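Summary of structural features
In case you want the letters, here they are:
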Amino acid sequence: MAGDSESLLRDRDESTTVIRQPFLIGVSGGTASGKSSVCEKIMEKLGQNEIDRHQRQVAILSQDSFYKVLTPEQKAKALKGQFNFDHPDAFDNELIMQTLRQILQGETVEIPVYDFVTHSRKEEFVTVYPADVVLFEGILMFYSQEIRDLFQMKLFVDTDPDTRLSRRVLRDINERGRELEQVLSQYITFVKPAFEEFCLPTKKYADLIIPKGADNLVAINLIVQHIQDILNGGQTKRQNGFMNGHSTPRQRRTSESSSRPH
């Protein structure tokens, strides 16, 4: 009789087992505003950057990984600095949604790697394994309502336009082999107008606006504390075998990466 009871309890526990969904944080802001630096600073303060990748509880993704594959004609324009990479249509939102759904299901995902020198996707992928908190940064993370509604927290990195321009110029010249004239022409023709039309209006959706980016340690410390509460709460409840009314035996799998090109 006791054996039957133990078997019944075990079966019931297994039937109610679900994978705990990660806490999704969207990080938006203009080009070179410091979105990636904010994410990296958060990782640093949480000590996650010192942990082996496959054991990390926090993962970083970038919208830049999800640029659409260009047609030959579009690629030719891109090489001349005449393609608008800051327009919503430049991103593969369908793939972003698919990836986010997989992440919310606790699945391993394969993230494309985009080459900003050749303006094409590489053959390789970055494997990202389940994490408790996922930071997803990009200039238009809040533009699509379908994507925006998936984030439990939304951050907007608000940096002075002159600072952003100077950072972009240095980055594009030093890291991407662009000419100064091409960088400035692209900025005036595409980047600045797209920011004002598509990115800046989404600032209103942010739960927290971060002026000065990664230098704003007050804001970053508040975010870190909130994430720590999530992680510690999750750990405590996992130890008790219960989370949000369900048991949560999520297994950490091998290797997680936070590669980001922007």
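Refer to the structure above for everything that follows.
Worth saying up front: this structure is predicted, and the values here are computed from it rather than measured.

Let us now look at the side chain of Asp115. By the element assignment, Asp115 lies in strand β3 (residues 109-115). For the buried Asp115, no salt bridge exists, and the shortest N-O distance to an oppositely charged side chain is 4.5 Å, to Lys122. Only 3.3 Å separates the side chain of Asp115 from the backbone nitrogen of Thr118, close enough to count as a polar contact. In this structure Asp115 touches Ser120 and Lys122, once residues within four positions along its chain are discounted.

The grouping of Ile173, Leu180 and Leu184 at the surface amounts to a nonpolar patch, some 220 Å² of accessible area in total. Here Ile173 shows up in helix α6 (residues 161-176).

On to unusual backbone geometry, then. The phi dihedral of Ala32 falls on the positive side, at around 55°, and the residue is not glycine. Tracing the backbone through its elements, the reader meets Ala32 in the loop between β1 (23-29) and α2 (35-46). The exposure class of Ala32 is buried, given its relative accessible area of 14%. Non-glycine residue Lys212 carries a positive phi angle of around 70°. Following the sequence through the fold, Lys212 ends up in the loop between β7 (208-211) and α8 (217-239).

The relative placement of two packed helices comes down to the angle between their axes together with the axis-to-axis distance. Running from N to C, α6 and helix α7 (residues 180-199) point in directions that differ by 135°, and their axes come no closer than 11 Å. The angle between the axes of α6 and α7 places the two elements in the oblique class. Between α6 and α7 lies a crossing whose hand is right-handed. Touching Pro161, Arg164, Leu165, Arg168, Val169, Asp172 and Ile173 of α6 are Leu180, Val183, Leu184, Gln186, Tyr187, Val191 and Phe195, all from α7. Across the contact of α6 with α7, the residue classes tally to ten nonpolar, one polar and three charged.

Let us look at the sheet that holds strand β5 (residues 133-137). An order of β2-β5-β1-β6-β7 is seen for the five strands of this open sheet, with the pairing classed as parallel. Edge positions in the sheet fall to β2 (58-62) and β7, since each of these pairs with one other strand and no more. On average, each strand axis in the sheet is inclined to that of its neighbour by 20°, with strand direction left out of account. Pairing of β1 with strand β6 (residues 153-158), which is carried by five bridges, proceeds in the parallel orientation. When the sheet's bridge partners are listed, Gly26 is paired in β6 with Lys154.

Let's shift gears to the environment of Ile60. Along the chain, Ile60 turns up in strand β2. Between the C-alpha atom of Ile60 and that of Val133, which follows or precedes it by 73 residues, the distance is 8.8 Å.

When you tally the buried positions in β2, you get five out of five residues, the bulk of the element. Here β2 shows two buried faces, one formed by Val58, Ile60 and Ser62 and the other by Ala59 and Leu61. Summarising the sheet, β2 and β5 pair through five bridges and their orientation is parallel. Directly across from Ile60, in β5, lies its bridge partner Leu135.

This next bit is on the packing of aromatic side chains. Taken as a whole and assessed by the stated rule, the structure comprises nine aromatic pairs. Note on Tyr114 and Phe116: the rings are 5.1 Å apart at their centroids and 65° apart in plane angle, and the pair reads as edge-to-face. Given a relative accessible area of 5%, Tyr114 falls into the buried group. Residue Phe116 is classed as buried on the basis of its relative accessible area, which comes to 10%. Here the aromatic rings of Phe142 and Phe151 are separated by 6.2 Å at their centres, their planes lie at 70°, and the arrangement is edge-to-face. Three or more aromatic residues joined by ring pairs form one cluster here, namely Tyr67, Phe83, Phe85, Phe91, Tyr114 and Phe116. The ring of Tyr205 has Arg148 lying over it, and the distance from NZ or CZ to the ring centre is 3.7 Å.

About the thresholds
Residues numbered from 1 in each chain as written. Predicted model: local features only at pLDDT ≥ 70, side-chain atom pairs only at ≥ 80, totals over all residues. Heavy atoms only, no water. Helix = DSSP H or I, 4+ residues; strand = E, 2+ residues; numbered from the N terminus. Buried < 20%, exposed > 50% of the residue type's maximum accessible area, 1.4 Å probe, protein only. Lys, Arg positive; Asp, Glu negative; His and termini not counted. Salt bridge = Lys/Arg side-chain N within 4 Å of Asp/Glu carboxyl O. Polar contact = N/O pair within 3.5 Å; in protein donor to acceptor, adjacent residues only side chain to side chain. Contact = heavy atoms within 4.5 Å. Patch = residues over 30% accessible without salt bridge, like charges linked within 9 Å, V, L, I, M, F, W, Y side chains within 5 Å. Areas by Shrake-Rupley, 256 points an atom, 1.4 Å probe, with all protein chains shown as cover. Axes fitted to C-alpha atoms, helices over the stretch in contact; angles between N-to-C directions. Parallel < 35°, antiparallel > 145°, perpendicular 65-115°, else oblique. Left-handed = near helix turned anticlockwise from the far one by under 90°. Nonpolar A, V, L, I, M, F, W, Y, C, P; charged D, E, K, R; others polar. Pairing = 2+ DSSP bridges. Phe/Tyr/Trp six-rings, centres within 6.5 Å; stacked < 30°, edge-to-face > 60°. Lys NZ or Arg CZ within 6 Å of the ring centre and 35° of its normal.

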